[in-house]
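# Summary of the model geometry
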Amino acid sequence: HSHTTPRTAVVTGAGSRRGIGRATAHALAADGYHIAVLDLDKEAAEDSAREVAAAHDVQALGIAADVTDPDAVNAAADAVETALPPVGVLVNNAGITSPTRFLDVSAEEWDRIFDVNVRGSFLATRRLAPDMAARGFGRIIHLSSVSAERGGGVFGGVAYSAAKAALLGFSRALARELGPSGVTVNSVAPGLIDTNITDGKLAPERKAALVADIPMRRVGHVTDVAAVVAFLARPDSGYLTGVTYDVNGGSHIH
Ligand code: NAD
């Protein structure tokens, strides 16, 4: 293992079988982190943890938790702290999207998108960051989106773009506050990644048109994103903070 102190990485939303979170859990485990998978879906969380533990020489724990619920987040973190070494990494990956156009977005839908993407990240970070700061080591990574930077245009609409942009502001402000404690806070902004998040609602013609416009001429793979998250989580990435890493195949160069 690459660490002198064994550490745990908490990855929210890492249940999804084809998702960025599960791939990220694998990448972090390959780097020697023990893994805690938090997901709304208990079976998926446990399956993911089993898969990660079987593939790498680490411990892994799958826990059901709704990141929008402070009690659930706190209870999950308690369970992680009881079972695994100290938490050094938090990947705020749990997220939901919606393509609803502005004139059709209800207040309820707006709130739901913000609850999972923004409040969920706030709650998990609020619970885990203080102990990272006290121990003098931490890596907090947010899953934003190219939608935050260019204003949608892939799948997500106004609510999703606004929520993912909120994460960038949160991430940057937090980076300033936690830097003196040895905790870095960064964001990853993926473009079109092949997962189940669009729930089959991205039309094949639309997808083909998007790919034609991507310099690398393909959709992103979950491993493309996981590799960057794992890089940001490395102990020797400690002079990178408040940064946003684009993982979009060149589709948005700015
Ligand atoms: P996914 O739908 O495959 O996985 C999301 C996971 O989050 C699921 O396992 C789901 O159960 C979990 N989840 C949802 N709500 C939750 C809640 N309230 N509490 C706990 N867990 C919850 O999605 P993905 O494509 O792997 O996306 C992962 C992250 O990357 C998201 O934040 C997403 O917005 C972001 N992202 C994805 C893409 C893409 O093209 N796939 C692009 C940019 C950003």
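Small disclaimer: the values here were computed from a predicted structure and weren't measured.

## Describing the overall build of the chain
A tally of regular secondary structure across the chain gives eight helices and seven strands. Over its C-alpha atoms the chain spans a radius of gyration of 17 Å, differing by no more than 12% from the 18 Å that the globule rule assigns to 254 residues. Its C-alpha atoms give the chain principal-axis dimensions of roughly 50 × 35 × 35 Å. The buried share among the 254 residues of the chain stands at 50%. Considering only intrachain contacts with a sequence separation of at least 6, the fraction spanning at least 24 residues in the chain is 75%.

## Some words on the packing of helix α1 (residues 20–30) against helix α8 (residues 222–233)
With their axes 8 Å apart at the nearest point, α1 and α8 run at an angle of 50° to one another. For the element pair α1 / α8, the angle class is oblique. Both α1 and α8 take part in a crossing whose hand is right-handed. Residues I20, A23, T24, H26, A27 and L28 of α1 touch α8, and the partners they reach there are V222, T223, V225, A226, A227, V229, A230 and A233.

## Things to note about the environment of H252
Mapping H252 onto the fold places it in the segment after β7 (244–247). Along the primary structure H252 and G21 are separated by 231 residues, whereas in three dimensions their C-alpha atoms are 23 Å apart. Once residues within four sequence positions are removed from consideration, H252 is found in contact with V146, E149, R150, G191 and D246.

## Brief notes about the UniProt feature "domain: Ketoreductase" (unreviewed entry) in the chain
Those places that UniProt annotates as "domain: Ketoreductase" (unreviewed entry) correspond, in this numbering, to residues 9–191. Taken end to end, residues 9–191 is 51% helix and 19% strand, and its first and last C-alpha atoms sit 24 Å apart.

## Some thoughts on the site of the ligand
Close contacts around the ligand come from 29 residues, with G13, S16, G19, G95 and T195 the closest. Sorting the residues of the shell around the ligand by element identifies α1 and α4 (107–135) as the ones contributing at least two each. Classifying every residue of the shell around the ligand by side-chain character gives twelve nonpolar, 14 polar and three charged.

## Things to note about the nonpolar core
Residues V10, L28, I35, V37 and V229 are the most contacted members of the largest nonpolar core, which totals 74 residues. A total of nine residues in this core trace back to one element, the largest contributor, which is helix α6 (residues 158–178). Setting aside its immediate chain neighbours within four residues, V37 contacts V11, A14, G15, A25, A45, S48, A49, A60, G62 and I63.

## Some details on unusual backbone geometry
One non-glycine residue with positive phi stands out, namely D199, at about 55°. A tally of 10 C-beta atoms within 10 Å means that D199 is categorised as exposed.

## Topic: the packing of α1 against helix α2 (residues 42–55)
Relative to each other, α1 and α2 sit at 30°, their axes nearing to 10 Å. Considering their axes alone, α1 and α2 lie roughly parallel with respect to each other. As for the relative orientation of α1 and α2, their crossing is right-handed in sense. Across the interface between the two elements, R22, A25, H26 and A29 from α1 touch S48, V52 and A55 from α2. Residue classes in the contact of α1 with α2 are distributed as four nonpolar, two polar and one charged.

## A few points about α4
Helix length check: α4, at 29 residues, gives a terminal C-alpha distance of 40 Å against a target of 42 Å (1.5 Å per residue), a fit within 8%. Of the residues trailing α4, G136 is marked for its positive phi of about 80°.

## With respect to the sheet that holds strand β4 (residues 87–92)
If you walk across this open sheet you meet the seven strands as β3-β2-β1-β4-β5-β6-β7, and the pairing is parallel. The open sheet is flanked by β3 (60–64) and β7, the only strands paired with a single partner. Each neighbouring strand pair of the sheet contributes to a mean axis angle of 20°, computed without reference to strand direction. Of the strand pairs in this sheet, strand β6 (residues 183–190) and β7 are connected by four bridges, and their pairing is parallel. Each bridged residue has a counterpart across the sheet, and for V188 the counterpart in β7 is Y245. Sheet strands touched by helix α3 (residues 70–83): β1 (8–12), β2 (34–39), β3 and β4. Its angle to β3, the strand with the most contacts, is close to 160°.

Reading guide: rules and limits
- Residues numbered from 1 in each chain as written.
- Predicted model: local features only at pLDDT ≥ 70, side-chain atom pairs only at ≥ 80, totals over all residues.
- Helix = DSSP H or I, 4+ residues; strand = E, 2+ residues; numbered from the N terminus.
- Rg over C-alpha atoms; globule rule 2.2 N^0.38 Å.
- Buried ≥ 20, exposed ≤ 12 C-beta atoms within 10 Å, placed from the backbone.
- Contact = placed C-beta atoms within 7 Å.
- Axes fitted to C-alpha atoms, helices over the stretch in contact; angles between N-to-C directions.
- Parallel < 35°, antiparallel > 145°, perpendicular 65-115°, else oblique.
- Left-handed = near helix turned anticlockwise from the far one by under 90°.
- UniProt positions renumbered as here; feature names shortened; annotations may be inferred.
- Near = placed C-beta within 6 Å.
- Nonpolar A, V, L, I, M, F, W, Y, C, P; charged D, E, K, R; others polar.
- Core = buried A, V, L, I, M, F, W, Y, C linked by C-beta atoms within 7 Å.
- Expected span 1.5 Å × (residues − 1).
- Pairing = 2+ DSSP bridges.

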